[in-house]
Amino acid sequence: YFLPEAQTTALIFKKNINPKILGEVSQTLANFNNDQTVFIASVDFSHYLTPEEAEKKDKQTLELIKNFEYPQILELNQTQLDSPTAVYTLLETAKILDTKKMKVYAHTNSARILNENLNNTTSYFTIGFY
């Protein structure tokens, strides 16, 4: 609607992909970069945890992202991050492009959004790299 001429390409990552292959994908993506390119990783963070547990796990995950700690990101399980390979690839692409500054625009979870005291929640971040 807002960008009717935009072209998109979706990539779906399996959980257990060799980091070398992820690096090759990141390099390929970086080769396509220009002033009209945006890379987006749509990823849920904490799952099936209480809001308090999710908050703790999200802080840990955010620190890994801020510090570009790839190996540790790949070790995260579904309760902490549903697509570590997508986050790894996005971070590696950002590093190749020397876009390592980041800003957290939002952090919330389904309990906050619904304004309910849920026993388990799914959390979300909106993060930009520049």
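Residues numbered from 1 in each chain as written. Predicted model: local features only at pLDDT ≥ 70, side-chain atom pairs only at ≥ 80, totals over all residues. Heavy atoms only, no water.

A short note on the pattern of salt bridges
Line of reasoning, step 1. Tallied over the full model, the rule gives two salt bridges.
Line of reasoning, step 2. The partner of Arg112 in a salt bridge is Glu55, and the shortest N-O contact between them spans 2.7 Å. Of this pair, Arg112 sits in helix H5 (residues 110–114) while Glu55 is found in helix H2 (residues 51–66), placing the two residues 57 residues apart along the sequence.
Line of reasoning, step 3. In this structure Glu55 comes out as partly exposed when scored by relative accessible area, which is 24%.
Line of reasoning, step 4. Between Lys66 and Glu63 there is a salt bridge, with its nearest N and O atoms 3.8 Å apart. In this pair, Lys66 and Glu63 both sit in helix H2, three residues apart, roughly one turn of the helix. (Salt bridge = Lys/Arg side-chain N within 4 Å of Asp/Glu carboxyl O. Helix = DSSP H or I, 4+ residues; strand = E, 2+ residues; numbered from the N terminus. Buried < 20%, exposed > 50% of the residue type's maximum accessible area, 1.4 Å probe, protein only.)

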